[in-house]
Amino acid sequence: MTEQTSAIVQLAVVGHTNAGKTSLLRTLLYTREFGEVATRPSTTRSVVAQGVWVEGRQLFSFYDTPGLESGSELFAELEQQQEQYRHDGPAQIRAFLQSPAADAYYAQEAKVLRQLLQSDAAFYVIDSRDPVLPKYQDELHILARCGRPLLPVLNFTASPSNRVEEWRSALAKLGLHVVVAFDSVAPPEGGERYLLQSLATVLPSAAREIQQLISQREQERQQRVAQSLTVIAELLMDVAAQHTSIASDASEVQQRRAVETFQQQIRAREQHATHAILARFAFLPEDALFDHLDAAAGRWQDDLFDQATLKAWGKDTGFGVGAGAAAGAGVDVLVGGLSLGLGTALGAAAGGLYQSWRHLGRKLQERIQGQRVLHIDAVALVTIAARQLYLVQQLSQRGHAATTAVNISEQHRFSKAQAQQLEKHLQPLLTRAPDPDRNAIRRDLENLLTQLLAAPA
């Protein structure tokens, strides 16, 4: 490390315009709000710094630099002075930075080179979809003259049009054999660890600090997932316990209004959990669409209680008379002291509610004599659990450079056995059992959700 940096490792991020430098930093720094990401050239016009702390101490400073634009022209000029600086590339770069051209035509390149000279190492970011052009090779020759370790990072490797092997071959010819393929939008499993370990290979003086960062990031990853599963468990407990009563003499309008209010409360509770999970992964509310969440209006476009939504997510669960049909409005009607015929009539009047006597125990019948009680049904519960668990899965694999929202479609379904396990854990709340042990229920749900997250899709 350079003398002026003391214990803080200085890392520059350099590369051609629009190679994805800011995108890489967003993913490495776990923030959607660092810098600006756009397709237009020269989005970053100045050097932007961001520190990284481990256990309360700053260990790293990352520097986002402007895109290189005139590398070939600058390379040609420097080549004219090559004889004078044959064995001292850094001296040649410093001399260039003192020239008038560094503040005029090559102002962007000068900002990059100044920062690189002050740094311990640099990530050279490459858009792997681009062909290997002479201008990129010229840039690398210039950067190499700064005398700092360079770690090429092949970005956007998830694209089918990537040219990863072409780039690896070209970089090897320049003496750069340690190369990392790392897609900043969809990082590969273990990609961050490999990237940081590769940095330690080219910058062994910072190996200890890098290992500390790797360990902290792994711990943070586990904590984000565990905290998110707790959020889901609490969501399921809340909606399972939620109920509302309708007076036996309520009019059809009052019944319908009660159902709509009950559904809206559950929608709002799920949306609150969604935002909490996004925040734990350092994403924004608009970064997830649930078939599709209108972030501006804050409402579900494809409603949770829409029959097609319930059917898509819960069709394989096979619950009782629902049997995957997602009947009615995703709500059970528990009828106390009424005939089955009257309960069915209520369902029709309230928008086709799904009648289920499964949760109606003897004590509950006595307790709600003459009352109609609305509960969420099992298919809707499974739908909520599956959607939220799929959100966690997607966010765990998502880079903060992504500019489009993750679409939570019907990918993560539960088997019948898994869904029945979920319902079993929630049974004390669904049946309104006296004094349920919520802590024990939450622990059981967290364990089950952990197993479901690890299970093959």
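First, a word on scope: everything that follows refers to the structure included in this document. The residue numbering used here restarts from 1 in each chain and proceeds along that chain's sequence as written. Totals for whole chains, interfaces and linings use every residue, but because this is a predicted model, local features are given only for residues with pLDDT of at least 70 and side-chain atom pairs only at 80 or more, for both listing and counting. Heavy atoms from the whole structure form the basis of all side-chain values; hydrogens and water molecules are not counted.

Another point: the pairing of strand E3 (residues 57–64). Per-residue accessibility, obtained with a 1.4 Å probe over protein chains only, is compared with the maximum for each type, and a residue is labelled buried under 20%, exposed over 50%, and partly exposed between these values. Under the DSSP-based scheme used, a helix requires at least four consecutive residues in state H or I and a strand at least two consecutive residues in state E, with every element numbered from the N terminus. Judged by how many residues are buried, E3 sits mostly within the fold: 6 of 8 residues are covered. Strands qualify as paired when DSSP identifies two bridges or more between them. Across 7 bridges, strand E2 (residues 48–54) lies against E3 in antiparallel orientation. Residue pairing in the sheet places valine 52 in a bridge with phenylalanine 60 of E3. The hairpin turn running from E2 into E3, its antiparallel successor, is 2 residues long, and glutamate 55 in that turn takes a positive phi close to 55°.

Moving on, we come to the nonpolar core. The criterion is simple. A nonpolar core is a set of buried Ala, Val, Leu, Ile, Met, Phe, Trp, Tyr and Cys residues joined through side-chain atoms within 4.5 Å. With 55 residues, the main nonpolar core has Leu391, Phe414, Leu422 and Leu426 as its most contacted residues. Listing elements by their share of this core, those giving two or more residues are helix H8 (207–241), helix H9 (252–280), strand E13 (371–376), helix H13 (378–396), helix H14 (416–430) and helix H15 (438–454). Ranked by the residues each element gives to this core, the list is headed by H13, at 12 residues. Contacts: residue pairs with any heavy atoms within 4.5 Å of one another. Once residues within four sequence positions are removed from consideration, leucine 422 is found in contact with Leu236, Leu381, Val382, Ala385, Phe414, Leu445 and Leu448. Core analysis: the second largest hydrophobic core is formed by 31 residues, Phe75, Tyr106, Ile126 and Leu143 among them.

With that settled, consider the sheet that holds E3. One open sheet holds the 6 strands; their spatial order is E2-E3-E1-E4-E5-E6, and the pairing between them is mixed. The outermost strands of the open sheet, each flanked by one partner alone, are E2 and strand E6 (180–181). Bridging between strand E1 (residues 9–15) and strand E4 (residues 121–127) involves 5 bridges; their strand directions are parallel. What sits directly across from valine 13, in E4, is phenylalanine 123. Each axis is a line fitted through C-alpha atoms, and for a helix only the stretch in contact is used; angles between axes span 0 to 180 degrees, taken between their N-to-C directions. Relative to the sheet, helix H1 (residues 21–29) contacts E1, E2, E3, E4 and strand E5 (150–155), its axis offset from that of E3 by approximately 160°.

Before going further, it helps to examine the packing of aromatic side chains. Working definition: a ring pair exists when centres of Phe, Tyr or Trp rings (six-membered ring for Trp) sit within 6.5 Å. Plane angles under 30 degrees give stacked, over 60 give edge-to-face, the rest tilted. If you walk through the whole model with that rule in mind, you get 4 aromatic pairs. Ring centres 4.9 Å apart and planes at 85° place the aromatic pair tyrosine 105 and tyrosine 106 in the edge-to-face group. A ring pair is formed by tyrosine 136 and tryptophan 167, whose centres lie 5.6 Å apart and whose planes are at 50°; its orientation type is tilted. Of this pair, tyrosine 136 sits in helix H5 (residues 134–144) while tryptophan 167 sits in helix H6 (residues 164–173); the two residues are 31 residues apart in sequence, bridging distant segments of the chain. With relative accessibility at 7%, the residue tyrosine 136 sits in the buried group. Judged by relative accessible area, which is 2%, tryptophan 167 ranks as buried.

Another aspect to go through is the pattern of salt bridges. In what follows, salt bridge is the name for a side-chain nitrogen of Lys or Arg lying within 4 Å of a carboxyl oxygen of Asp or Glu. Summed over the entire model, instances satisfying the criterion amount to 13 salt bridges. Linking glutamate 166 and arginine 163 is a salt bridge whose minimum nitrogen-to-oxygen distance equals 3.6 Å. When its relative accessible area of 42% is taken as the criterion, glutamate 166 is described as partly exposed. Each of Glu192, Arg217 and Glu220 takes part in salt bridges that share partners, so that together they form one network.

Taking 1.5 Å as the rise per residue, H15 with 17 residues should run 24 Å; its terminal C-alpha atoms sit 24 Å apart, in good agreement. Regarding H15, the residues found buried are Ile441, Leu445, Glu446, Leu448, Leu449 and Leu452. On its buried face, H15 sits against H8, H13 and H14. What a helix should span is 1.5 Å times the count of its residues minus one.

Running from N to C, H8 and H13 point in directions that differ by 165°, and their axes come no closer than 10 Å. Of the possible angle classes, the one that applies to H8 and H13 is roughly antiparallel. Along this stretch, H8 crosses H13, giving a crossing that reads as right-handed. Every residue of H13 that contacts H8 at Val225, Ser228, Leu229, Ile232, Leu235, Leu236, Val239 and Ala240 is listed here: Leu381, Ile384, Ala385, Gln388, Leu389, Val392 and Ser396. Each residue gets one label: Ala, Val, Leu, Ile, Met, Phe, Trp, Tyr, Cys and Pro are nonpolar, Asp, Glu, Lys and Arg are charged, and the others, such as Gly, are polar. The residue inventory of the contact of H8 with H13, partitioned by class, reads 12 nonpolar, 3 polar and no charged. Roughly parallel means an angle under 35 degrees; roughly antiparallel, over 145; roughly perpendicular, 65 to 115; everything else is oblique. What makes a crossing left-handed is the near helix being turned counterclockwise from the far one by less than a right angle; a clockwise turn instead makes it right-handed.

What follows concerns the side chain of serine 159. With respect to the helices, strands and loops of the structure, serine 159 is situated in the loop between E5 and H6. Its relative accessible area of 18% is what places serine 159 among the buried residues. Pairs of N or O atoms are called polar contacts if they sit within 3.5 Å, as long as, within protein, a hydrogen donor faces a hydrogen acceptor (for residues adjacent in sequence, only side-chain-to-side-chain pairs). Within the structure, serine 159 has its side chain in polar contact with the side chain of serine 161 (distance 2.8 Å). Other than its neighbours up to four places away in sequence, serine 159 contacts Arg129 and Asp183.

A positive phi is found at tyrosine 30, a non-glycine position, where the angle reads about 60°. Tracing the chain through its elements places tyrosine 30 in the loop between H1 and E2. Assessed through its relative accessible area of 22%, tyrosine 30 is described here as partly exposed. One non-glycine residue, phenylalanine 156, adopts positive backbone phi at about 55°. With respect to the secondary-structure elements, phenylalanine 156 resides in the loop between E5 and H6. Accessibility expressed as a relative area gives 14% for phenylalanine 156, which makes it buried.

Moving on, we get to the side chain of serine 228. Its place among the elements puts serine 228 in helix H8. Separated by 2.8 Å, the side chain of serine 228 and the backbone oxygen of arginine 224 make a polar contact. The residues contacting serine 228, other than those within four sequence positions of it, are Ile277, Arg280, Phe281 and Val392.

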